[in-house]
Amino acid sequence: MTFQVELTPIAEAQIEQAYLWYREQTPGFADNWFRGLMNKIATLQEKPRRCPLAIEHEIFPEEVRQLLYGKSKNIYRVLFTTRETTVSIPYVRHTAQSPLTEDDLESYL
């Protein structure tokens, strides 16, 4: 079964913010990072449940999993839910960021 993958506006903004930061720091890396992230996200079209539950799974109203992207100190967590044939990505966060709290989820709910 193939799933449709959708980014929420919050996730899109988080990706754009990271991209712009990388572009300021290391311009040549930014485009490669973005393409790699989008290619990794596209893998969720097939077997998204292969990914482990996210640490925040207990505070979400539905099951939330995470897909990791990156290397070493530069790893991002793509948080997502699966509903029928749709994978929805509400957040993309750097692993250095604290886990989401219930207060953070107000924008999700």
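Each remark here, short or long, concerns the structure printed above.
Throughout what follows, the structure given in this document is the object of discussion. Since the structure is predicted, the reported quantities are computational estimates derived from the model, not experimental observations.

1. Remarks on the pattern of salt bridges
Summed over the entire model, instances satisfying the criterion amount to three salt bridges. For glutamate 56, the salt bridge is made with arginine 77, and the minimal N-O distance between the two is 2.5 Å. Placement of the pair is glutamate 56 in the loop between helix H2 (27-42) and strand E2 (65-71) and arginine 77 in strand E3 (residues 74-83), with a sequence separation of 21 residues. With respect to burial, glutamate 56 and arginine 77 carry one shared label: buried. Between glutamate 63 and arginine 65 there is a salt bridge; the shortest N-O distance is 3.2 Å.

2. Remarks on the nonpolar core
Trp33, Leu37, Leu44, Val78, Phe80, Ile89 and Val92 are the most contacted members of the largest nonpolar core, which has 20 residues in total. When residues of this core are traced back to their parent elements, those giving at least two are helix H1 (9-25), H2, E2, E3 and strand E4 (86-94). It is H1 that provides the largest number of residues to this core, a total of five residues. Apart from the residues within four sequence positions on either side, tryptophan 33 is in contact with Ile15, Ala18, Tyr19, Tyr22, Tyr69, Asn74 and Tyr76.

3. Structural notes on unusual backbone geometry
At serine 72, a residue that is not glycine, the phi angle is positive and equals roughly 55 degrees. Along the chain, serine 72 falls in the loop between E2 and E3. Phi is positive for glutamate 84, close to 50 degrees, though the residue is something other than glycine. With respect to the helices and strands, glutamate 84 occurs in the loop between E3 and E4. Among the residues examined, glutamate 84 registers a relative accessible area of 72% and is labelled exposed.

4. Points about the packing of H1 against H2
The geometry of H1 relative to H2 is characterised by a closest axis approach of 6 Å and an angle of 150 degrees between their N-to-C directions. One element, H1, and the other, H2, form an angle in the roughly antiparallel class. Crossing of H1 against H2: the hand is right-handed. Of H2, the residues touching H1 (which contributes Ile15, Ala18, Tyr19, Tyr22, Arg23 and Gln25) are Pro27, Phe29, Ala30, Asp31, Trp33, Phe34, Leu37, Met38 and Ile41. Here the residues of the contact of H1 with H2 are counted per class, giving twelve nonpolar, one polar and two charged.

The rules behind each value
- Residues numbered from 1 in each chain as written.
- Predicted model: local features only at pLDDT ≥ 70, side-chain atom pairs only at ≥ 80, totals over all residues.
- Heavy atoms only, no water.
- Salt bridge = Lys/Arg side-chain N within 4 Å of Asp/Glu carboxyl O.
- Helix = DSSP H or I, 4+ residues; strand = E, 2+ residues; numbered from the N terminus.
- Buried < 20%, exposed > 50% of the residue type's maximum accessible area, 1.4 Å probe, protein only.
- Core = buried A, V, L, I, M, F, W, Y, C linked by side-chain atoms within 4.5 Å.
- Contact = heavy atoms within 4.5 Å.
- Axes fitted to C-alpha atoms, helices over the stretch in contact; angles between N-to-C directions.
- Parallel < 35°, antiparallel > 145°, perpendicular 65-115°, else oblique.
- Left-handed = near helix turned anticlockwise from the far one by under 90°.
- Nonpolar A, V, L, I, M, F, W, Y, C, P; charged D, E, K, R; others polar.

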